[in-house]
Amino acid sequence: MPWKVLISLAVLALAGCAATGIASDRSARGAVEAYLPEGRFLEVDGHRVHYVEKGSGPDLVLIHGASGNLRDWTYDAVDRLAPRYRVIAFDRPGLGYTPALSASGDSIFDQADLLVAAARQLGADRPIVVGQSYGGAVALAWAAEHPRHSAGLVLLGAASQTWEDSLPAFYRLTGGPLAPLANSAISALAPESRVQDAIREVFAPNPVPPGYAEHIGAELALRPATLRANARQRASLKAEIAALLPRYPALDLPVELIHGEADRIVGPQIHSVPTARAIPGARLTLLPDVGHMPQHVAPGVMDAAIDRVARRAGLR
């Protein structure tokens, strides 16, 4: 998203924070009314988790990326995979309809613990785990922390290595001391055109699939609490991946990595290329002219990778 524009809106609105707060509350309620929960809820130690479940066959868990929700998977992947797999898509903590675990931010390890427990409660004791972008880091934490409860991984444009850039200003604003005011302003004032720009940027250089923008519920990510949870997760991600890196050589399960060569959000040469070398037996597929959303641009490649993992894990 053109975050500089949103930051400007936030700063301009701080003086009128009371009115902005009212507008933000209305905007958040409107997002919920427009995009009601698609699935059901379960509780893990009293914490509510939103999920969608469909199909039969080997268990398959889908984990979405930053600023997203499980609607990224219900756009078409859940229905497409359900004839061959029992598909479970989760809203990660702090996004969609799963509340954040803590006010200080939820690490990839915290999130993995919660989702493993949720999957086991649904009877998915050893699923294949698919993670996209930030969700790929959660999937790696799942495999490292819970090896007995993961049959294999499929990582799509996954954040899996450390990088040199500092935390973008947008996340410093939406996760920092001014977050209550700034996030209310962003929630209330972000124009629809900017939301559509953000979706196009995530898919670039590929076109946005028909109906995706209407389905995904991007407005849910603009709720003040969601903006803050997303920013705090993003702020701690690099350090959490640094802690995860030494554990890659010990991963003992089938792993497939798929990454668009034109991905400008999570660069393949920084992330998936060295990760594939570090994980024994991992298979990397690089897709020419594909950006950050291979699950939508090249769904057949993702589906074939899932099938290979299932066969290697003895699930098919």
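Structure: above.
Computed from a predicted model, the values in this text were never measured in an experiment.

## Observations concerning the packing of helix α5 (residues 108–121) against helix α6 (residues 134–145)
Contact pair α5 / α6: the axes reach a minimum separation of 8 Å and the direction vectors enclose 70 degrees. Accordingly, the angle class assigned to the pair α5 and α6 is roughly perpendicular. Residues Ile 108, Phe 109, Gln 111, Ala 112, Leu 115, Val 116 and Ala 119 of α5 form the contact with α6, whose participating residues are Tyr 134, Ala 137, Val 138, Ala 141, Trp 142 and Glu 145. Across the contact of α5 with α6, the residue classes tally to eleven nonpolar, one polar and one charged.

## Observations regarding the packing of aromatic side chains
Applying the stated criterion across every chain yields a total of four aromatic pairs. The interplanar angle of 70 degrees and the centroid separation of 5.6 Å between the aromatic rings of Phe 170 and Tyr 171 together place this pair among those described as edge-to-face. Side by side, Phe 170 and Tyr 171 carry an identical accessibility label, which is buried. Between Phe 203 and Tyr 212, the ring centres sit 5.0 Å apart and the planes meet at 80 degrees, which makes this aromatic pair edge-to-face. For Tyr 212, a relative accessible area of 5% corresponds to the buried category. Taken together through their ring pairs, the aromatic side chains of Tyr 75, Phe 203 and Tyr 212 make up a single cluster. When the ring centre of Phe 41 is taken as reference, the NZ or CZ atom of Arg 48 above it lies at 4.2 Å.

## Digging into the pairing of strand β8 (residues 283–287)
Inspection of the sheet shows strand β7 (residues 255–260) paired to β8 by five bridges, in the parallel sense. Looking at β8, one finds that Glu 256 is bridged to Arg 283. As a crossover connection, the stretch from β7 through helix α12 (residues 272–278) into β8 is right-handed.

## Remarks on the layout of surface pockets
Of the volumes computed, that of the largest pocket is approximately 1,300 Å³. Ala 66, Tyr 171, Val 202, Ile 265 and His 292 are the residues nearest the centre of the largest pocket, which is lined by 47 residues in total. For the lining of the largest pocket, the secondary structure elements donating two or more residues are α7 (169–175), α9 (192–203), α10 (212–216) and α11 (224–244). Considering each element in turn, the lining of the largest pocket owes the most residues, six residues, to α9. Along the lines of polarity and charge, the residues of the lining of the largest pocket split into 26 nonpolar, 14 polar and seven charged.

About the cut-offs
Residues numbered from 1 in each chain as written. Predicted model: local features only at pLDDT ≥ 70, side-chain atom pairs only at ≥ 80, totals over all residues. Heavy atoms only, no water. Axes fitted to C-alpha atoms, helices over the stretch in contact; angles between N-to-C directions. Helix = DSSP H or I, 4+ residues; strand = E, 2+ residues; numbered from the N terminus. Parallel < 35°, antiparallel > 145°, perpendicular 65-115°, else oblique. Contact = heavy atoms within 4.5 Å. Nonpolar A, V, L, I, M, F, W, Y, C, P; charged D, E, K, R; others polar. Phe/Tyr/Trp six-rings, centres within 6.5 Å; stacked < 30°, edge-to-face > 60°. Buried < 20%, exposed > 50% of the residue type's maximum accessible area, 1.4 Å probe, protein only. Lys NZ or Arg CZ within 6 Å of the ring centre and 35° of its normal. Pairing = 2+ DSSP bridges. Right-handed = clockwise from strand over helix to strand, strands pointing away. 1 Å grid on protein atoms, 1.4 Å probe; cavity = no way out; pocket = protein on both sides within 12 Å on 5 of 7 lines; lining within 4 Å. Points joined across faces, edges and corners; volume = space filled by probe spheres on them.

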